[in-house]
Number of protein chains: 4
Amino acid sequence: MLIHVGYDIGLEFPSATPLMLLLDLHAGRRRDVIFEDEFNAPDISIERGLDLYGNRTKRLVAPAGALKLSYRAVVRDSGLPDEVPVNAREVPVADLPNYAMHFLGGSRYCETDELTPIAWQLFGHIKPGYGRVKAICDFVHNHIRFDYQAARSTRTAFAAYNERTGVCRDFAHLAIAFCRCLNIPACYVNGYLGDIGVLADPAPMDFSAWFEAYIDHRWVTFDARHNVARTGRIVVARGRDAADVAMITSFGQHQLKEFNIVAEEVAPKRAEELVSRAA
Amino acid sequence: MLIHVGYDIGLEFPSATPLMLLLDLHAGRRRDVIFEDEFNAPDISIERGLDLYGNRTKRLVAPAGALKLSYRAVVRDSGLPDEVPVNAREVPVADLPNYAMHFLGGSRYCETDELTPIAWQLFGHIKPGYGRVKAICDFVHNHIRFDYQAARSTRTAFAAYNERTGVCRDFAHLAIAFCRCLNIPACYVNGYLGDIGVLADPAPMDFSAWFEAYIDHRWVTFDARHNVARTGRIVVARGRDAADVAMITSFGQHQLKEFNIVAEEVAPKRAEELVSRAA
Amino acid sequence: MLIHVGYDIGLEFPSATPLMLLLDLHAGRRRDVIFEDEFNAPDISIERGLDLYGNRTKRLVAPAGALKLSYRAVVRDSGLPDEVPVNAREVPVADLPNYAMHFLGGSRYCETDELTPIAWQLFGHIKPGYGRVKAICDFVHNHIRFDYQAARSTRTAFAAYNERTGVCRDFAHLAIAFCRCLNIPACYVNGYLGDIGVLADPAPMDFSAWFEAYIDHRWVTFDARHNVARTGRIVVARGRDAADVAMITSFGQHQLKEFNIVAEEVAPKRAEELVSRAA
Amino acid sequence: MLIHVGYDIGLEFPSATPLMLLLDLHAGRRRDVIFEDEFNAPDISIERGLDLYGNRTKRLVAPAGALKLSYRAVVRDSGLPDEVPVNAREVPVADLPNYAMHFLGGSRYCETDELTPIAWQLFGHIKPGYGRVKAICDFVHNHIRFDYQAARSTRTAFAAYNERTGVCRDFAHLAIAFCRCLNIPACYVNGYLGDIGVLADPAPMDFSAWFEAYIDHRWVTFDARHNVARTGRIVVARGRDAADVAMITSFGQHQLKEFNIVAEEVAPKRAEELVSRAA
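Residues numbered from 1 in each chain as written. Chains lettered and ligands numbered in written order. Predicted model: local features only at pLDDT ≥ 70, side-chain atom pairs only at ≥ 80, totals over all residues. Heavy atoms only, no water.

### What to know about the overall build of chain A
And then number 1: The secondary structure content of chain A amounts to 6 helices and 14 strands.
And then number 2: Each principal axis of the C-alpha distribution contributes one length, and for chain A these read about 60 × 45 × 35 Å.
And then number 3: Expressed as a percentage of the 279 residues in chain A, the buried residues total 61%.
And then number 4: In chain A, the proportion of contacts linking residues at least 24 apart, taken out of those at least 6 apart, comes to 77%.
And then number 5: With 31 positive and 35 negative side-chain charges, chain A shows a spacing of 1 Å between the two charge centroids. (Helix = DSSP H or I, 4+ residues; strand = E, 2+ residues; numbered from the N terminus. Buried < 20%, exposed > 50% of the residue type's maximum accessible area, 1.4 Å probe, protein only. Contact = heavy atoms within 4.5 Å. Lys, Arg positive; Asp, Glu negative; His and termini not counted. Charge placed at Lys NZ, Arg CZ, Asp CG, Glu CD.)

The following block contains the structure:
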């Protein structure tokens, strides 16, 4: 299966402004990229690096005026849906590696301290393992009403639990927080979802977000927003929550003029066209 | 100058419980340790590691019943007070290294999104540099009333700003959040304060906390709680905020039975006694 | 495409001996694992972690006597051969991220200092980019004669260049060293090769080894040993050279009694059998 | 005690050339810097970062022609000599943290595979602990004859063992390799030595080098070259060996025109003069 992904982002700045971008495909998917191209202003100097979580960063100073950032790639994918490892066991805390421990604590949008009593009341009686994380997803999926109009960048997991409304990141935050309360490491993921022509939730400044729980000594994908197995997730970045993986962080004022996401399955023939047109 | 530091911590567990400890002196001070000893139960197996921030972790499974953790060390220190680099300049965001960028974002107790407008209103007009961070400390020092009785583990910087009461961690969180809002990287620090016989704020489960701001291409110490230059800070751990550097994280129920901190300057003769007694 | 991988390793120790294992599939492939199982002695306590390069480590203390380590997994793979990005450009040193810079220097088996003049003489005139790395592979492939009997764990790239004999790791080391001499970051990779029933070079204590060069802002797979596009590479570990990624490091004496590698494509029906048999 | 450190480096380049510099004081000493200043060409853009070992890197593109890099700092130091922890115990391999394990393996200039039999023959019978590392230093100190004329950038520990001649880095490499052979983690350190007016071994392109061994759960300083306790070591960089911590790495041709190191104790009054002159 081949997936065509990309973006066109138009920004406008009153004065020269530093930017940090987390838009690149995650290092773990780089080897699946069979073609990619960026179409940025030619005179912009971009500095590449890795953040603390291994995400690939790009930094630049946007000049005053308009800035256009465009990207297209074709990525190979197994085409298989999210796995459903019903026998996966939780890992006892004593056996967790240190890097998983990092994803047990509280973070900006996941107040584990506030939610711990609720988590144990709701899920403490459920048999540990895959089924318990799935129960968390079922609960969150039914508890929060998706409402794109109600998006708010300061909404935390605890607020989402109380307000019962939100967008994909709120579903993820609440499920992540519940997992951590139960001593299951969980990380926030954003990226492209390639099994549909456009993102289901085409929100300016908002990729689709899901999460991974560390069970069975590996990170398993869960999606409390859609709560069904999906195909073609192309990870861009992982972190403790949305605060760690903003697509664009602007250190100064800016206006968003255009935000267009591409994420579609393509036939091999069409992929060849895309590649040859770019060459 | 020689500083005698240590702790006696008594805990009780209803059943075997995994623990993560961030009690060791920071790796950056290890070379100043001229003597140290731990007095733990002999049959406890401790696994050492580093967390994502370079802090030295110890992990163990506490058996059911009572657990006593004790530690004493003698540490060399320059004896000089916190520096006051009045000419230190802020680093433009474009020149910040990636590892400092990590300390610009929001975190569990530092809601930069909520506090940005307030920060710019209060401090936006002040000349960038050391003086602006000092102005933040002055404001926080006067804005929050220290009240040990009012300690609350879920209080965030924004809550502290509104409630105007708190303990040392709240002073640190609010000052850190303001710095980050102004694009000055800031990290949370806890550790021993060695210029007094006992900690000024002898709080169970609470080290003294201060912060560091990244100015002039280095991390400079600030302390909004005391707001005067102190001597003999022995760093234990650094992180984004208190959520990253809890002294003891217990993954299960426990009771705290004893909590005693030692942090005192000692004369060379007394240090020799301490060392020889332990040998 | 589904690939069945695994190992059976039998070791014998005269006394209790610490081991470090780098046998787990790389974190970047974990999400492709649709089933896996380990069959170790039940009373062995294994501590998991990450090494400096992000490889997944397991550590244990082998008791005196015989130790058997077995593992089987079924892994999804795109089934596509190694890509041939003929237009991929080298990245100017000034634009390399710091983490790629790490793979420009000398290492245990890659003496860039000794080989730099030779590298520039052989490849300095070739147009930078994919073609130059391919020219290195062609040269190394023809220059070294594969001879499994001539394996030697202390042979370096410079020695392989002079002796003109070696096994897969020697091909990789020499090609890596040449790349680095030309300022192209290159890392050593070992893992399973899934397009054949058994490894082409079934060497005790020796996975198949290949390398990746950082061109076009990504890591591209090359294999100077086989020098043809292969299918189904399942990465286990990456490092600067073989010294970083030994499958088994024993801190004491041991004897290798059994060493059996499985790496074979399986039909979906057979994969189902393997899974259900294990459940 | 106050130490005045710095350098003046003059380079000449036939064409624009990327440079990687490891000249900054180590992050662990930054808090002791009471004043510092750089005097570089004003139009050079410098990018700061951290390498894999936590050393502070600077990268730049030197323009064609002459480049002058100058630096001065005043650093606080305890003034105490290297410690002599005669009771420090070795840490069993099973209890070593993963980050110390990294410093057990072979590296470019430390061929542990070649030297293991020799190491066990020479030091295997000695009681583990501080005394064994000291015995290694004594042996290396007496085995190698210091000869500045015989410096060679490709000399490894095994070559130094056989040739019995070398400079400070060779002493460090051989002692490090022996430690690792005995399962004692050891890292290479370079930096300023502040207890003398000029470096004892004032070598162009060569800082003084020593090493640290991980015993007693901490890194302890050893110096096989001088083999006496020294005062005022100001660490610049740590790594596996000299290949990781070159002061200047030039990715292209260059000529060294000037190389001047400052490392001297200064009285407080003189330090004040230095600071005020720079302000």
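So much for the structure itself; the text now carries on.
### A few points about the interface of chain C and chain D
And then number 1: Every contact between the two is made by 34 residues of chain C and, on the other side, 34 residues of chain D.
And then number 2: Surface buried jointly by chain C and chain D totals about 2500 Å² across both partners, of which 52% is contributed by carbon and sulfur atoms.
And then number 3: Our count for the contact surface shared by chain C and chain D stands at 4 salt bridges.
And then number 4: In this structure, the salt-bridge partner of D113 of chain C is R108 of chain D, at a minimum N-O distance of 2.8 Å.
And then number 5: Put simply, chain C and chain D have 16 residue pairs in polar contact (both at pLDDT 80 or more) between them.
And then number 6: Looking at the side of chain C that touches chain D, the elements with two or more residues in it are strand 2 (17–21), strand 4 (47–50), strand 5 (56–62), helix 1 (98–101) and helix 2 (112–123) of chain C.
And then number 7: Ranked by residue count, the leading element in the side of chain C that touches chain D is strand 5 of chain C, at 3 residues.
And then number 8: Of the residues assigned to the side of chain C that touches chain D, the class counts are 16 nonpolar, 9 polar and 9 charged. (Buried area = accessible area lost by both parts, 1.4 Å probe. Salt bridge = Lys/Arg side-chain N within 4 Å of Asp/Glu carboxyl O. Polar contact = N/O pair within 3.5 Å; in protein donor to acceptor, adjacent residues only side chain to side chain. Nonpolar A, V, L, I, M, F, W, Y, C, P; charged D, E, K, R; others polar.)

### Here we look at the sheet that holds strand 14 (residues 255–266) of chain D
Residues and elements named next belong to chain D.
And then number 1: Pairing within the open sheet is antiparallel, and its 4 strands lie in the order 3-6-1-14. Two strands bound the open sheet, and with one partner strand each, they are strand 3 (33–38) and strand 14. Ignoring which end each strand starts from, the neighbouring axes of this sheet average 5° apart.
And then number 2: Sheet analysis places strand 1 (residues 2–13) next to strand 14, joined by 11 bridges and oriented antiparallel. Paired with L11 across the bridge in strand 14 is L256. (Pairing = 2+ DSSP bridges. Axes fitted to C-alpha atoms, helices over the stretch in contact; angles between N-to-C directions.)

### Comments concerning the confidence of the model for chain A
Residues and elements named next belong to chain A.
And then number 1: Mean pLDDT for chain A: 89, with 95% of residues reaching 70 or above.
And then number 2: Per-element confidence in chain A is highest for helix 3 (residues 130–143), whose mean pLDDT is 98, and lowest for helix 6 (residues 268–278), whose mean pLDDT is 80.
And then number 3: For the stretch residues 197–206, pLDDT sits under 50, and the model shows 28 contacts to residues farther than four places along the chain or on other chains.
And then number 4: Scored as a whole, the predicted complex attains pTM 0.86, and scored at its interfaces, ipTM 0.91. (pLDDT = per-residue confidence, 0-100.)

### Brief notes about the packing of helix 2 (residues 112–123) of chain B against helix 3 (residues 130–143) of chain B
All names here are of chain B.
And then number 1: It is the contact of helix 2 with helix 3, at a shortest axis distance of 11 Å, that shows an interaxial angle of 110°. On the basis of their axis angle, the class for helix 2 and helix 3 is roughly perpendicular. Two secondary-structure elements touch here, helix 2 through W120, L122 and F123 and helix 3 through R132, A135, I136 and F139.
And then number 2: Considered class by class, the residues forming the contact of helix 2 with helix 3 number 6 nonpolar, no polar and 1 charged. (Parallel < 35°, antiparallel > 145°, perpendicular 65-115°, else oblique.)

### Topic: the relation of the copies chain C and chain D
And then number 1: Once chain C is rotated about the relating axis by 180° and shifted along it by 0.0 Å, it coincides with chain D to within an RMSD of 0.0 Å. Here the two chains are linked by the operation of a two-fold rotation axis. The position closest to the rotation axis in chain C is occupied by the C-alpha of R108 of chain C, lying 1.9 Å away. (Least-squares fit on C-alpha atoms with pLDDT ≥ 70 in both.)

### Description of the sheet that holds strand 11 (residues 218–222) of chain A
Strand pairing in a sheet relies on backbone hydrogen bonds. The paired strands run either parallel or antiparallel.
Residues and elements named next belong to chain A.
And then number 1: Here we have 4 strands laid out as an open sheet, ordered 11-10-9-12, and antiparallel in their pairing. Either end of the sheet is taken by a strand with one partner, and the two such strands are strand 11 and strand 12 (233–239). Between one strand axis and the next, the sheet turns through 40° on average, direction left out of account.
And then number 2: In the sheet, strand 10 (residues 208–215) pairs with strand 11 via 5 bridges, with the strands oriented antiparallel. The residue of strand 11 that forms the bridge with Y214 is W219.
And then number 3: Each of strand 10 and strand 11 touches helix 3; the most contacted strand, strand 10, lies at about 155° to it.
And then number 4: Lying on the sheet, helix 5 (residues 168–181) is in contact with strand 9 (186–193) and strand 10; it crosses strand 9 at an angle near 155°.

### Observations concerning the packing of aromatic side chains
And then number 1: Enumeration according to the criterion identifies 52 aromatic pairs over all chains in this entry.
And then number 2: Members of the aromatic cluster, each reached through a chain of ring pairs, are Y53, Y99, F103, Y214 and W219 of chain A.
And then number 3: The positively charged end of R233 of chain A is found above the aromatic ring belonging to W210 of chain A, 4.7 Å away from the centroid.
And then number 4: Sitting above the plane of the Y109 of chain C ring, R169 of chain C keeps its charged end 4.8 Å from the centroid. (Phe/Tyr/Trp six-rings, centres within 6.5 Å; stacked < 30°, edge-to-face > 60°. Lys NZ or Arg CZ within 6 Å of the ring centre and 35° of its normal.)

### Quick look at the relation of the copies chain A and chain B
And then number 1: Its rotation angle being 180°, the transformation that places chain A on chain B also includes 0.0 Å of axial translation and leaves an RMSD of 0.0 Å.
And then number 2: Both copies present the same face, since 100% of the interface residues in chain A are matched by interface residues at the equivalent positions in chain B.

### Concerning helix 2 (residues 112–123) of chain D
All names here are of chain D.
And then number 1: The end-to-end C-alpha distance of helix 2, which contains 12 residues, comes to just 14 Å, noticeably less than the 16 Å that a straight helix rising 1.5 Å per residue would cover.
And then number 2: Those residues of helix 2 lying buried are T112, L115, I118, A119 and F123. Looking straight down helix 2, one finds that the buried residues subtend no more than 130° of arc, so they occupy a single side. For helix 2, the exposed residues lying more than 90 degrees away from the buried face are P117 and Q121.
And then number 3: Those residues of helix 2 that are buried are in contact with helix 3 (130–143), helix 4 (157–163) and helix 5 (168–181). (Expected span 1.5 Å × (residues − 1). Arc of directions from axis to C-beta.)

### Points about the pattern of salt bridges
Residue and element names in this part refer to chain A.
And then number 1: Inspection of every chain in the model, using the stated rule, returns 85 salt bridges over all chains.
And then number 2: Residue E83 is joined to R218 by a salt bridge in which the shortest nitrogen-to-oxygen separation is 2.6 Å. Here E83, found in the loop between strand 6 (65–76) and helix 1 (98–101), pairs with R218, found in strand 11; they are 135 residues apart in sequence, far enough to count as distant.
And then number 3: A relative accessible area of 6% means that R218 is categorised as buried.
And then number 4: The shortest N-O distance in the salt bridge between R132 and E90 comes to 3.0 Å. Within this pair, whereas R132 is found in helix 3, its partner E90 is found in the loop between strand 6 and helix 1, the two being separated by 42 residues in sequence. Across the pair, E90 and R132 agree in class, each one buried.
And then number 5: Bridged by salt links that share partners, the residues D24, E38, R48, R56 and K58 form one connected network.

### A word on the side chain of R180 of chain D
All names here are of chain D.
And then number 1: Structurally, the position occupied by R180 is in helix 5.
And then number 2: Comment: no salt bridge for buried R180; closest opposite-charge side chain is D241, at 5.5 Å.
And then number 3: Polar contacts involving the side chain of R180 include one to the main-chain carbonyl oxygen of R240, which spans 2.7 Å.

### Here we look at the interface of chain A and chain B
And then number 1: Counting residues at the interface gives 34 residues for chain A, matched by 34 residues for chain B.
And then number 2: Between chain A and chain B lies a buried interface of about 2500 Å² when both sides are counted; carbon and sulfur atoms form 52% of it.
And then number 3: Across the chain A-chain B interface, the total number found is 4 salt bridges.
And then number 4: R240 of chain B serves as the salt-bridge partner of D244 of chain A, at 2.4 Å between the closest nitrogen and oxygen.
And then number 5: Here chain A and chain B share 16 residue pairs in polar contact (both at pLDDT 80 or more) between them.

### Some points on the pairing of strand 5 (residues 56–62) of chain A
Residues and elements named next belong to chain A.
And then number 1: Where burial is concerned, most of strand 5 is hidden: 6 out of the 7 residues are buried.
And then number 2: When strand 2 (residues 17–21) meets strand 5, the two strands line up antiparallel, connected through 5 bridges. Its bridge partner lying in strand 5, M20 is registered against R59.
And then number 3: As paired elements, strand 4 (residues 47–50) and strand 5 share 4 bridges and run antiparallel to each other. Considered in strand 5, the bridge of R48 is made with K58.
And then number 4: Where strand 4 folds back on strand 5, the antiparallel hairpin that results is connected by 5 residues, among which G54 adopts a positive phi of roughly 85°.

### As for the side chain of K58 of chain A
And then number 1: Tracing the sequence through the fold places K58 of chain A in strand 5.
And then number 2: When sequence neighbours within four positions are dropped, the list of residues in contact with K58 of chain A reads Y7, L19, M20, L21, D24, E38, I46, E47 and R48 of chain A.

### Examining helix 3 of chain B
Every α-helix winds through 3.6 residues per turn, so residues three or four apart in the chain are directed the same way.
Residues and elements named next belong to chain B.
And then number 1: Over its 14 residues, helix 3 extends 20 Å from the first C-alpha to the last, a length consistent with the 20 Å expected when each residue adds 1.5 Å.
And then number 2: Here helix 3 has its buried residues at Y130, R132, V133, A135, I136, C137, V140 and H143.
And then number 3: Along its buried surface, helix 3 packs onto helix 2, strand 7 (145–146), helix 4 (157–163), helix 5 (168–181), strand 10 (208–215) and strand 11 (218–222).

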